[in-house]
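Here is what each chain is made of, one letter per residue.
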Amino acid sequence: MVENNNPDESWLNNYSRRGQSWIHDRFVKEGGLEAFFPDSIPMWIECGYKISDLERAFENADSAREGIDELVKVADHLLAEARKKEENGREYAAVEYYHRASLYYVRASWSILDDENEDKLDWHNRGLDAYKKVAELNSQYEIEKIDIDLPFHSEQMAAYFHKCGQEDAPTVLFVPGMDMQKEEFPNTPNNRFINRGMNVLAIDGPGQGETRLRGVCDDEPDKYQRAGSAAVDWLADQPEVDPSRIGVAGFSMGSYWGPRIAYEDERVSAVAVGMGCWYSKDILFNQAQPFFKKRYMYMAGMEDEDEFDEFAEDMTLYGIAENIDTPILIMHGEYDELQTREQAKLLYNNLAGPKQLQLYENEFHPMGGAGPDLMNDFVDWFPQVWSGEIEDDHAVAKLMPDYPVDSYIPSPRFEFLSQDNRPY
């Protein structure tokens, strides 16, 4: 790897799509936070973000960086309020304020792709400190910060273990997407897994969040799945966990890593994924917004774009899905701009075990219009599998209608989707 100490000629400015970066800021100025992904805010709300906070940060922003700076100001305000609430003995309210502050600090840190950047490190550490207070004060259930040994690196993988309060309980390993970190999901004040009697282990996998800052990159095709298997190793040793009921859940790029973890580790007995990124990454890295490619190059620790392009060619479930017999729920938007509905159909057809495809009409990648409906089905898949409701020959493909419900896909290739209220 060639060293380059000139900031004007660094890898951050030396990849093929850098000339498109102005589009990013123009979209933010003209279209606001949802300019790239329509209906993304509802899913952010599912993570605990608040519309009022986002509007304060981005409604007058002329560029992405201005919006991020304003988001940090919002986080600073919330942190001060959290401390006041805690000092006055209002710990339940303090948890909410600390949680929101943590979300915005880690989101701001996420946007900077330089491990030595003082703002990135400062904001990231503030986010960790705020979430530490969430774990300390949360009265609904216990949250434990843990570090997991990795088979391929001397550093450990950072994670939070959300405990439902029972021994031998079913447990879900949550795999964040490319633009998420472990502090962002599950939503502590409304943890749907805990509410259903399940533990959750949320990780920063290779290339993500705190683990990336420790120097652990996602630079090999099987590295993330091996890290996931190490997380399963850790879970299997915990008294709170029933080793026979360990599942994996993931959104966006997590929908790609989740099946790979099941492929790697036969102890995974259920998988639920949404907002797919399963096959070719050409749309993601070469057609979608230019930040995506730069972002993943940072996650992979790669500065040479040709090297990264070669690496990305192996980021696919071709030849892998056919060997996965774990029950899998697939949730995907009909008009997802990163992975087509045809690719969702391909994954559904290729999977070897019990499977269910839910294709959401008129939804884009964030699937925000489906909102809580999607989230409830996502979480409820695991109890269905573990109760025996999902049988070995289960193969169901559904069109999830938009409102009004008399709707359909105008393509005969998708007649394999069941829908009771089709208008023909």
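Residues numbered from 1 in each chain as written. Predicted model: local features only at pLDDT ≥ 70, side-chain atom pairs only at ≥ 80, totals over all residues. Heavy atoms only, no water.

Colleague: What is the right way to look at the packing of helix H4 (residues 64-87) against helix H6 (residues 118-137) in this model?
Modeller: Working note: a packed helix pair is described by the angle between its axes plus the distance between those axes. Where H4 meets H6, the axes come as close as 12 Å, and the angle between the chain directions of the two elements is 35°. By crossing handedness, the relation of H4 to H6 is classed as left-handed. For the pair H4 and H6, the contacting residues are Arg-65, Ile-68, Asp-69, Val-72, Asp-76 and Glu-86 in the first and Asp-119, Trp-123, Arg-126, Lys-133, Glu-136 and Leu-137 in the second. Among the residues forming the contact of H4 with H6, the class breakdown is four nonpolar, no polar and eight charged. (Axes fitted to C-alpha atoms, helices over the stretch in contact; angles between N-to-C directions. Helix = DSSP H or I, 4+ residues; strand = E, 2+ residues; numbered from the N terminus. Left-handed = near helix turned anticlockwise from the far one by under 90°. Contact = heavy atoms within 4.5 Å. Nonpolar A, V, L, I, M, F, W, Y, C, P; charged D, E, K, R; others polar.)

Colleague: In this structure, what is going on with a negative patch on the surface? I would like to understand it.
Modeller: Taken together, Glu-303, Asp-304, Asp-306, Glu-307, Glu-310, Glu-313 and Asp-314 make up a surface patch of like negative charges. Checked against the element boundaries, Glu-307 lands in helix H13 (residues 305-312). What makes Glu-307 partly exposed here is its relative accessible area of 40%. (Patch = residues over 30% accessible without salt bridge, like charges linked within 9 Å, V, L, I, M, F, W, Y side chains within 5 Å. Areas by Shrake-Rupley, 256 points an atom, 1.4 Å probe, with all protein chains shown as cover. Salt bridge = Lys/Arg side-chain N within 4 Å of Asp/Glu carboxyl O. Lys, Arg positive; Asp, Glu negative; His and termini not counted. Charge placed at Lys NZ, Arg CZ, Asp CG, Glu CD. Buried < 20%, exposed > 50% of the residue type's maximum accessible area, 1.4 Å probe, protein only.)

Colleague: What is the right way to read the sheet that holds strand E3 (residues 169-175) from this model?
Modeller: Whether parallel or antiparallel, the strands of a sheet pair through hydrogen bonds between backbone atoms. The mixed open sheet is built from nine strands, whose spatial order is E1-E2-E4-E3-E5-E6-E7-E8-E9. Single-partner strands in this sheet number two, and they are strand E1 (142-150) and strand E9 (395-400). This sheet shows a mean twist of 20° between the axes of neighbouring strands, independent of strand direction. Two elements, strand E7 (residues 328-333) and strand E8 (residues 355-360), share six bridges in a ladder whose sense is parallel. Following the sheet pairing, Ile-328 is matched in E8 by Lys-355. (Pairing = 2+ DSSP bridges.)

Colleague: Teacher, can you tell me more about the pattern of salt bridges here?
Modeller: Note on pairing: side chains with opposite charge can pair once their charged atoms come close. Enumeration according to the criterion identifies 32 salt bridges in this entry. With a closest N to O distance of 2.9 Å, Glu-46 and Arg-192 form a salt bridge. Here the residue Glu-46 occupies a position in helix H2 (residues 41-47), and Arg-192 occupies one in helix H7 (residues 192-195), the gap between them amounting to 146 residues. Arg-192 shares its class with Glu-46; the two are buried. Put simply, Asp-122 and Arg-126 hold a salt bridge, and the shortest N to O gap is 2.6 Å. Highlighted residues: Asp-122 and Arg-126, both in helix H6, separated by four residues, approximately one helical turn.

Limitation: the analysis is restricted to geometry and does not speak to function.
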